[in-house]
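Residue-level structural notes
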Amino acid sequence: MKKFGLLVAGGIAAIILLSTIGPMVGLLVSLVLLYFIFKQFLKAESTGGKIGLGIIGLIVLVASLHNAPAIIGVGAAYVLYLVYKKWNENKHSIKKEEADPFANFEKQWNELKNY
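Residues numbered from 1 in each chain as written. Predicted model: local features only at pLDDT ≥ 70, side-chain atom pairs only at ≥ 80, totals over all residues. Heavy atoms only, no water.

1. Considering the side chain of S30
Among the structural elements, S30 can be located in helix α2 (residues 21-43). Overall, the relative accessible area of 6% leaves S30 in the buried class. Discounting residues that sit within four places of it in the chain, S30 has contacts with V60, S64 and N67. (Helix = DSSP H or I, 4+ residues; strand = E, 2+ residues; numbered from the N terminus. Buried < 20%, exposed > 50% of the residue type's maximum accessible area, 1.4 Å probe, protein only. Contact = heavy atoms within 4.5 Å.)

Written as structure tokens, this is what we have:
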């Protein structure tokens, strides 16, 4: 039953992720453009160049705000990652190693003798 719930949650997250790939790519492109415009803005020495780059940066910023559904896609990718981790989780409990160095030595010695 738990696997079925994970399968349903993973399926829904995958559908949402696939439907928001376009806005995610658009957001990525606009953020890269904003980064390069900002770097050029800092390098510009003339006031006219700074004003022009500021206007272009504002236009690209508004364009990137239109790709807000990409945040939902990032959330869906994270849910898909969590479902993947839960699906492959080992059900066996991990045996805690003893802190006694001699007990550990005996265990390793037995493992070496078996080779």
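2. What to know about the environment of P23
One can find P23 in helix α2. For the pair P23 and S64, spaced 41 residues apart in the sequence, the C-alpha separation amounts to 9.1 Å.

3. A word on the side chain of N67
Along the chain, N67 turns up in the loop between α3 (47-65) and α4 (69-87). Side-chain polar atoms of N67 contact the backbone oxygen of G26, separated by 3.4 Å. When sequence neighbours within four positions are dropped, the list of residues in contact with N67 reads P23, G26, L27 and S30. (Polar contact = N/O pair within 3.5 Å; in protein donor to acceptor, adjacent residues only side chain to side chain.)

4. Points about helix α1 (residues 2-19)
The first and last C-alpha atoms of α1 sit 26 Å apart over 18 residues, in line with the 26 Å expected at 1.5 Å per residue. Listed as buried for α1 are L6, G10, A13 and L17. All buried residues of α1 lie within an arc of 70° about the axis, which places them on one face of the element. Counted as exposed and oriented over 90 degrees from the buried face of α1: F4, L7, I15, L18 and S19. (Expected span 1.5 Å × (residues − 1). Arc of directions from axis to C-beta.)

5. Topic: a nonpolar patch on the surface
Taken together, the side chains of F4, L7, V8, I12, I16, I72 and W87 define a hydrophobic patch exposed on the protein surface, amounting to about 670 Å² of accessible area. For the nonpolar patch, the elements supplying multiple residues, two or more each, are α1 and α4. Examining the composition of the nonpolar patch, we find that 5 residues originate from one element, α1, more than from any other. Within the secondary structure, I12 is located in helix α1. Classification of I12 as partly exposed rests on a relative accessible area of 49%. (Patch = residues over 30% accessible without salt bridge, like charges linked within 9 Å, V, L, I, M, F, W, Y side chains within 5 Å. Areas by Shrake-Rupley, 256 points an atom, 1.4 Å probe, with all protein chains shown as cover. Salt bridge = Lys/Arg side-chain N within 4 Å of Asp/Glu carboxyl O.)

Everything listed here is a matter of geometry and, on its own, says nothing about what the molecule does.
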